Structures are given as structure tokens and as C-alpha cells.
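Observations on chain architecture
Letter by letter, the chains look like this.
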Amino acid sequence: GAGVSQSPRYKVAKRGQDVALRCDPISGHVSLFWYQQALGQGPEFLTYFQNEAQLDKSGLPSDRFFAERPEGSVSTLKIQRTQQEDSAVYLCASSPVGGSRSYNSPLHFGNGTRLTVT
Amino acid sequence: RKEVEQDPGPFNVPEGATVAFNCTYSNSASQSFFWYRQDCRKEPKLLMSVYSSGNEDGRFTAQLNRASQYISLLIRDSKLSDSATYLCVVNTNAGKSTFGDGTTLTVKP
């Protein structure tokens with residue numbers, strides 16, 4: 001039984017490099033979320049997709065962050081010109097429902113990508 | 001002020017103890033509530049949902065007070081394996097879960 005899969009597990013980037021983080025949600029899950037978790041803090045919301053539509057990107061910290069889910073399954077979070085403050089664990093989560101029912105559905109998380117910007 | 005606030009702890013308790021965690025949230029339009037558990041360097045995993053009438057799952061009891069905008073988690077007869085960070089989660093708008101920063105529990109022999 002496949003859960004949410006994220007790759008790479010670890011990524012070290014030099015400041016200024018671009019990175020791409022991949023999330024493969026549970027098959028058939030409608031909703032997909034990206035979260036950023038800094039050390040010692042809870043996950044912070046970045047963006048939300050319902051199928052291929054990005055319905056909320058209010059948490060993206062700057063225009064250097066971009067996410068897509070073109071076919072409604074796999075998603076990619078791209079960070080351009082990485083900065084040291086981007087160092088964090090990036091968590092992807094999916095949920096089987098969308099729309100007005102999604103608020104009542106718990107999230108299934110992948111094991112995250114730990115990004116270190118040097 | 002964060003939307004969801006938790007006492008960070010750490011809580012250090014002996015095996016068999018009862019421990020309670022609290023959480024407050026600021027958005028009165030919040031719709032649903034959860035506790036997640038996160039082990040060190042692992043992803044958060046759902047522990048239990050929290051219902052208005054309160055609910056129990058084995059040694060775990062969750063309570064919700066909508067008037068006070070307060071959620072609690074009680075763990076009875078603590079086990080070593082309960083050591084983790086417990087995250088309070090509140091869902092407001094459709095599709096967005098807001099997490100607290102977590103409360104760290106260490107259960108000692």
C-alpha cells in the first residue's frame with residue numbers, strides 16, 4: 001500500500017541555486033498540500049491543490065516559491081534562488097476529499113524533504 | 001500571536017503517569033480539530049480527531065470547548081512509546097489545516 005512519497009529525502013543546495021521537490025500523493029487523493037516545517041516549530045501551510053487547481057497559495061513566502069500539479073496527481077514545489085532561510089523540512093500531504101468536505105478530513109503526510117541551503 | 005497555541009513543554013513524566021496537553025485557537029470560525037503525533041525526524045501522523053462531545057481512544061481522551069476555543073488531550077498510563085511531539089491542528093477554511101508548534105512529551109522509565 002503506497003503512502004505519500006516525497007523525493008529527494010535530503011537536498012543540499014548552495015545559496016542561489018534552484019531546487020525542485022517532488023510529491024507523489026496517495027492514488028486517487030483529490031487534495032494535496034505543501035507545508036514547511038522549521039526546526040522546533042509546527043508545519044506552516046504553503047499551498048493547496050484540489051486536483052490540478054491551485055486553490056490557495058497564500059502561504060508561499062515569496063515569489064521564489066512556485067508549485068504545480070499539472071495532471072492532478074504528482075506535484076512539484078520549486079524554489080528559485082534559494083536562500084539560507086529556506087532551510088527546512090518540506091512536507092507534502094494528501095487527502096481523499098476536496099471542496100467543502102475537505103476541512104473534516106485528516107491529512108496523510110509524506111516523510112518530507114529536508115532542504116539545507118549553504 | 002499564532003492562530004493555534006500550545007505549551008511547548010517539554011513534559012517529562014514517569015511511566016504510568018497521566019499527562020494533559022492544552023491548545024487554544026483564535027479563529028472562532030474553526031470547523032474541525034485534530035491531534036497529530038510527530039516522532040523525531042518523522043512526518044506528523046493523525047492521533048485522533050476531536051469532537052464537540054469529547055472522545056476517547058484507549059488511553060487517549062480529547063476534549064473540545066468551542067466557547068473557550070480550547071482543545072485538550074489527556075494521556076493515561078503513559079508508555080515509553082508515547083514519547084513524541086503532539087501537534088494540535090485546527091481546520092478553518094476548506095482545505096487548510098493550521099498547526100500549533102507542538103508539545104514535547106518524554107516518558108521515562
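Placed above this text is the structure.
Worth saying up front: this structure is predicted, and the values here are computed from it rather than measured.

Focus: the sheet that holds strand S1 (residues 4-6) of chain B
Residue and element names in this part refer to chain B.
- Read from one edge to the other, the open sheet built from five strands follows the order S1-S3-S8-S7-S6, with strand pairing classed as antiparallel. The sheet is open, and its two borders are formed by S1 and strand S6 (55-57), each paired with just one other strand. When strand polarity is set aside, the average angle formed by the axes of neighbouring strands in this sheet is 20 degrees.
- Pairing geometry for strand S3 (residues 19-25) and strand S8 (residues 70-75), over six bridges, is antiparallel. Within the sheet, the bridge partner assigned to Ala20 lies in S8 and is Leu74.

Brief notes about the environment of Ser26 of chain B
Residues and elements named next belong to chain B.
- Summarising the element assignment, Ser26 is placed in the loop between S3 and strand S4 (32-38).
- Overall, the relative accessible area of 35% leaves Ser26 in the partly exposed class.
- Along the primary structure Ser26 and Gly16 are separated by 10 residues, whereas in three dimensions their C-alpha atoms are 33 Å apart.
- Contacts of Ser26, omitting those with residues within four sequence positions, involve Arg1, Lys2, Glu3 and Gln69.

So, the layout of surface pockets
- When its volume is computed, the largest pocket comes out at roughly 640 Å³.
- If you trace the largest pocket, you find 31 residues lining it, with Gln37, Leu39, Gly40 and Arg114 of chain A together with Arg41 of chain B closest to the centre.
- At the level of secondary structure, the elements contributing two or more residues to the lining of the largest pocket comprise strand S9 (88-95) and strand S11 (113-117) of chain A together with strand S9 (84-91) and strand S11 (103-108) of chain B.
- Grouping the constituent residues of the lining of the largest pocket by class yields 12 nonpolar, 12 polar and seven charged.
- Estimated volume of the second largest pocket: approximately 170 Å³.
- Every residue lining the second largest pocket is listed: Pro43, Glu44, Phe45, Ser58 and Gly59 of chain A together with Lys2, Glu3, Val4, Lys96, Ser97, Thr98 and Phe99 of chain B.
- Looking at the lining of the second largest pocket, the elements with two or more residues in it are strand S5 (44-50) of chain A together with strand S10 (97-99) of chain B.
- Considering each element in turn, the lining of the second largest pocket owes the most residues, three residues, to S10 of chain B.
- Among the residues making up the lining of the second largest pocket, the classes are represented as four nonpolar, four polar and four charged.

What counts as what
- Residues numbered from 1 in each chain as written.
- Chains lettered and ligands numbered in written order.
- Predicted model: local features only at pLDDT ≥ 70, side-chain atom pairs only at ≥ 80, totals over all residues.
- Heavy atoms only, no water.
- Pairing = 2+ DSSP bridges.
- Helix = DSSP H or I, 4+ residues; strand = E, 2+ residues; numbered from the N terminus.
- Axes fitted to C-alpha atoms, helices over the stretch in contact; angles between N-to-C directions.
- Buried < 20%, exposed > 50% of the residue type's maximum accessible area, 1.4 Å probe, protein only.
- Contact = heavy atoms within 4.5 Å.
- 1 Å grid on protein atoms, 1.4 Å probe; cavity = no way out; pocket = protein on both sides within 12 Å on 5 of 7 lines; lining within 4 Å.
- Points joined across faces, edges and corners; volume = space filled by probe spheres on them.
- Nonpolar A, V, L, I, M, F, W, Y, C, P; charged D, E, K, R; others polar.

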